[in-house]
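Read off the chains here:
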Amino acid sequence: MYVNTEEQNMFSQGQYFNPLIPIYLFPLSDDIERYKVFERFDPTRNFNTQFWPYGDMGFQMQNPYWIIHRNLFQVKKDRFVIGTGLKYKINSWLDVAGRVRLDQNTTSGERKFFASTSGLFASEAGAYYKNTAITRQMYSDVLATATKDLNNDLTLSATVGASIMDVQYNMENYGGNLLSVPNLFAYQNVNQTQATVQQERFRDQTQSVFGTAQLSYRNMVFVDVTGRTDWSSALANTTASSIVYPSVGASAILTDLLKFRSPILSFAKIRGTYSEVGNAPSRFVSIATYPIIGGFPTTTSYRPATSLRPEGTRSVELGLNLRFLRNKINLDVTVYRSNTFNQLFNPTLAPSTGFSSFYINAGEVVNKGIEVSLGGSMKLGAVDWSSNVTLGLNRNRINKLLANYKDELTAEPISVDSLSMGGTGSYMMALVKGGSMGDIYVNSLAVDEHGFIKVGLVSQTVTANSNHYIKAGNANPRYNLGWRNSFRYKDFQLDLLVNARIGGVGVSVTQAIMDRFGVSKASADARDAGGVIINGEKLPAQPYYEVVGGGVAGVGSRYVYSASNVRLAEASLNYNLPQRWFGHAVKGVTVGVNGRNLFLLTKAPFDPEAAASTGTYYQGIDYFMQPSLRSVGFNVKVQF
Amino acid sequence: MKLKSTISHKILLGMAVLLLATSCTKKFKEYNTNDVNATDEMMEYDFLSTGVYFPQMQQNIFPPAQQPNFGDEVYQVLQNLAGDVFSGYMGASNNWYGNSNNTTYAFIPDWYNAGFARAYLGVMPAWLAIKKKSEFDNPHIYALAQILKAMSLHRTTDMYGPLPVSGFGSGGLSTSYDNQETVYDSLFSALNYGINTLTDYVNLYPGQRPMAKYDLVYGGDYVKWVRFANSLKLRLAMRIVDANAAKAKQMAEEAVAHPIGVMASNADNAVLASGNGINFNNPLYIICYNFDDVRMGANMESYMRGYNDPRAPFMFNRAPDGEFHGIRNGINITNKAAYTTPFSTLNVAANTPIRWMSAAEMYFLRAEGAVRGWEMNGTAQSLYETGIRTSFEQWNAGNANAYIADAVSQPAPYVDIAASGNNVSAGSNLLATTTIAWNDAASNAAKIEKIITQKWIAVYPDGQEAWSEFRRTGWPKVFPVVLNRSGGVVPTENFVRRLPFPQTEYQSNAAGVATGVAALGGPDNGNTLLWWDRTP
């Protein structure tokens, strides 16, 4: 398989190179059309340069059209995947199989900043950077599988195997400001004395042996047992050299086993599993090394961890699947509970410790939840209707953080009930005993001894208590609901999916800064209303927003929004064209329109679903995030 | 068919063998080591671990700019948008956060965190690593680290006040703070250790420079380091004069009387320069020219213009209209462009070394000591005048005689060429009236104003030191902010007295920073006076 991808300027949010900042904060008295001609002839330089008389406004702003067309982030990916497998049948009940798969991905990223880009990013002549990363991933396994009917009722199938996963990564990066020729993006033109030269590489390897066995009784009762041992290179220099984890599971089709199949209850199955999973810590953290900066080694920025352990999760899951009315109605319920131990955290440390962070196995985190799916189909006259509702609910609790953890440097026991995972100034994610993963904390306004917001007698405005953090809520929803409906009438089919996410909060820095600049609806409303209501009294709007609307330097507690939302996530209408139009060569032609993310109801000034990063901790914050897209499409499907 | 299955049998067997052959975990330790970094073993080659952290210590005191790693922003937020503007040296030409930022006393957490972070994540871990390796085996190496620690932490404590010093490096996740008097005591003892140990060393091994490879300031010249340590001791002694006059006198007299003594000529000046394979830019160059974020300060313009100071063109560049134009701090800037091109840029190049301390400052410190009746090896007048001459020589500004004799010129009124609302007109009580020429008949207070005013000019561009001395003495007359966005926390007439403790400490060391607030003896804001900042 070969895949080639090219991307340009793929951004989600942030301050640098974000065209949304100059657009959202653009003065209402000016006309953005004027700036569409984003570069103009500069007689002093004899070529076209950026047109943006506003300067960076302290937000690294540039002409938004310039950002899009003259600050280029180009990524090219080349990916090859080669795999082969062989299976050898030794006898009627035993076979051996082997597989090898090689996946090689070369990513090359270039950054080209044209001359007259903000001086923060480029010299007068521009800047150029290029990095190339090659990831080579090899997976191989051998499996021996035996399947044997032990007698008329019992069947045993078992697999034993071994596998190896090997990942190698090599990245190099070179670049810097251009020295003489504007917009000539080549290494030769980079100012060599100010260039960035960097390499990164790693190799991860995991070797495993595993076995599974399944015993089934008349295809009605199944018992599964698995076991696995991983030897992972990231475990080197930790307290464990391998991770062993088992699981057991059982399921039974009750309607067959107990023979109570009826027109009302047509199918019933229960299942239950207990499983353990182990994870190696992150690579490199157990062996302290000294980064070279400016050609000389420096001290490590994280506290060396010498007694790391693998993290483990134990979970129990129970499920019930029922079908009613001759399979017309289907109910699937799963409940689960999992406990994670020795989770590897990398909390931020106070600089006064001399380290910026440390790695630690800590705590006990419990997740429990329920997932329900209820579906059915029926005829409504000439219309076939089918409908399915899903509900997902998860509760997470940090039972323990660090309890009597023995400090590796002092041998003193440490107990910690709160760990900061970092954030921006007004927003922080922290792990607190008794709280949940994903809890968001925000700083707040100063209050007086009675709990009222403190208002200055002379200044007539509020003051920030920038270091006083209060819990705003959790970035995760209380529960998710989905409702899918399909209607079929003759050759027409209509599909609708409504998703609802209830609960959870998010923080909008975008809204704060727009208020501060007086370009938001909220700030206009406050001005028209003659002020902002605080403690039941009106305060002048502008000084108020100057305090709370600083964004990362402002007051987070004023910008917390419910992340609840309901949306029409998908809708499509399809029509099968009459078969007689096509004859025998074509089996069917379907035409239709489809749309995604068509309609959204939320109180937040951003799409709460999009305000999530891919990481665990920087969740529920909107910093000039790209708005989510509504897409509408047209499709034609031809079957031969 | 038979043949095929035999082949596949063999391939399968081969794969199994391959899998088993590679199934060896011997190399796992190698895989799990980040091999672009140095390992513990390598750190012992050439005895690297004893001295290799000096570049790290030195580059975190005044963080240089290593474009394009955005390292410049560190100096910008650590010093340029703090001491450099609070001292009146420079004026900010940008309007971060809609003019609500440090310059208008609305302190930005990410900015005021920086000084603390550089000291505690940059300097102190390196100091601790050197201490562990060298304190008993190679005391001279530890002595140098002690001097650099004092250089770093006196700047840091003068920003915030109490600091975690005695508890630093003891492990744990929380570090408690010492009050500023204790911090100063520990700095004096670090300097005394450095002075005594290195003096012994240079007497035993004259001319030896074991740390030459790692020293970007003096190329390993320990005699110069002793002189530097004595000079810093004199600076710190004067700082605490209103808090502990007896100790100040003792420390100052010890420093001056030491056989190697304090800096006396510009050859003794301490500058951080590219070298030994390390290449960096002067951060002020990047901030002024790449970022376009800083210009000459309004106060500098007023003093330079009023005194017809020949040093002006060596410190600043003339604006396009041929004049020097500075920016007043704490003003409302609606359009950055109005405050960049028409105003005076700093006369600094990418490769200008970063000045740490110079001899001229020592003469002014000794002059003040002489006014206070301390034994400073010279009269106040001669030391004052030598200070001016030494500064002229440092800037290559020619003969200082006429300047020293000028008993008429006074600081000039200030005109903001972009917005007249920021002007300081003639006769305003915001303008100082002191002149240059020494007057032995004047009061001690008037003499000290003259000395501090000239020291302020000579210490440029180290705004951190100038801001500290402004807080201690009230001189020179820095123009108050026009726009005060502190919400009443820092009254304009009080000027900013300190930076708040870092937000990162509140997030991760709440118990520790609480001890800091207690030791501060007032609310943790920009209006609380430091221990040494008091009226005698």
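Residues numbered from 1 in each chain as written. Chains lettered and ligands numbered in written order. Predicted model: local features only at pLDDT ≥ 70, side-chain atom pairs only at ≥ 80, totals over all residues. Heavy atoms only, no water.

### Details of the pairing of strand β7 (residues 154-177) of chain A
Residues and elements named next belong to chain A. As judged from the 23 bridges shared by strand β6 (residues 127-149) and β7, these two strands associate in the antiparallel manner. Within β7, the residue paired with Y128 across the bridge is G176. Adjacent in sequence and paired antiparallel, β6 and β7 are bridged by four residues. Both β7 and strand β8 (residues 196-217) contribute to a ladder of 22 bridges, which runs antiparallel. Residue D166 lies in a different strand from β8, and its bridge partner there is Q205. (Pairing = 2+ DSSP bridges. Helix = DSSP H or I, 4+ residues; strand = E, 2+ residues; numbered from the N terminus.)

### A few points about the packing of aromatic side chains
How two aromatic rings sit relative to each other is set out by the distance from centre to centre and by the angle between their planes. Summed over the entire model, instances satisfying the criterion amount to 66 aromatic pairs over all chains. Between the aromatic rings of A:Y24 and A:F624, the centroid separation amounts to 5.9 Å while the plane-to-plane angle is 45°, which identifies the pairing as tilted. Separated by 600 residues along the polypeptide, A:Y24 in helix α1 (residues 20-24) and A:F624 in the loop between β34 (621-622) and β35 (631-639) bring together distant segments of the chain. What links up through ring pairs into an aromatic cluster is the set B:Y89, B:Y303, B:Y307, B:F316, B:F392, B:W395, B:Y403, B:W456 and B:Y460. Here the basic side chain of B:K149 rests over the ring of B:W127, its NZ or CZ set 4.1 Å away from the ring centre. (Phe/Tyr/Trp six-rings, centres within 6.5 Å; stacked < 30°, edge-to-face > 60°. Lys NZ or Arg CZ within 6 Å of the ring centre and 35° of its normal.)

### A look at the domain arrangement of chain A
Residues and elements named next belong to chain A. Assigned domains within chain A: domain 1 (1-131 + 168-202) and domain 2 (417-640). Spacing between the C-alpha centres of domain 1 and domain 2 amounts to 28 Å. Between domain 1 and domain 2, the contact holds 14 residues from the first and 13 residues from the second. Both faces considered, domain 1 and domain 2 share a buried interface measuring about 1200 Å² in area, 67% of it formed by carbon and sulfur atoms. The three residues of domain 1 that bury the most area against domain 2 are Q13, Y24 and L25, which together make up 46% of that side's buried surface. The interface formed by domain 1 and domain 2 contains zero salt bridges. When its residues are assigned to classes, the side of domain 1 that touches domain 2 shows nine nonpolar, five polar and no charged. (Domains from an automatic or database assignment. Contact = heavy atoms within 4.5 Å. Buried area = accessible area lost by both parts, 1.4 Å probe. Salt bridge = Lys/Arg side-chain N within 4 Å of Asp/Glu carboxyl O. Nonpolar A, V, L, I, M, F, W, Y, C, P; charged D, E, K, R; others polar.)

### Here we look at the environment of A:V248
Residue and element names in this part refer to chain A. Topologically, V248 is positioned in strand β10 (residues 243-253). Taking relative accessible area as the criterion, V248 reaches 43% and is therefore assigned partly exposed. Separated by 30 residues in the primary sequence, V248 and R218 have C-alpha atoms spaced 19 Å apart. Setting aside residues up to four positions removed in sequence, V248 forms contacts with D224, V225, G272, T273 and Y274. (Buried < 20%, exposed > 50% of the residue type's maximum accessible area, 1.4 Å probe, protein only.)

### Comments concerning the environment of A:E124
Residues and elements named next belong to chain A. Residue placement: E124 occurs in the loop between β5 (94-113) and β6. Each C-alpha atom of the pair E124 and I329 lies 69 Å from the other, and the pair is 205 residues apart in sequence. Aside from chain neighbours lying at most four places away, what touches E124 is R45, A115 and S116.

### Points about the sheet that holds strand β25 (residues 464-474) of chain A
Residue and element names in this part refer to chain A. Pairing in this open sheet of four strands is antiparallel, and the strands run β22-β23-β24-β25 from one edge to the other. The sheet is open, and its two borders are formed by β22 (418-423) and β25, each paired with just one other strand. On average, each strand axis in the sheet is tilted by 40° relative to the strand beside it, whichever way the strands run. Here strand β24 (residues 439-445) pairs with β25 via seven bridges, running antiparallel. Following the sheet pairing, I440 is matched in β25 by G473. (Axes fitted to C-alpha atoms, helices over the stretch in contact; angles between N-to-C directions.)

### A look at the pattern of salt bridges
Residues and elements named next belong to chain A. With the rule as written, the count across this model stands at 48 salt bridges over all chains. When the shortest N-O distance is used, the salt bridge between R283 and D204 registers 3.0 Å. Placement of the pair is R283 in the loop between β11 (265-279) and β12 (292-293) and D204 in strand β8, with a sequence separation of 79 residues. A relative accessible area of 30% means that R283 is categorised as partly exposed. When the shortest N-O distance is used, the salt bridge between D525 and K521 registers 3.0 Å. Linking D525 with K521, this pair stays in helix α5 (residues 521-528), spanning four residues, or about one helical turn.

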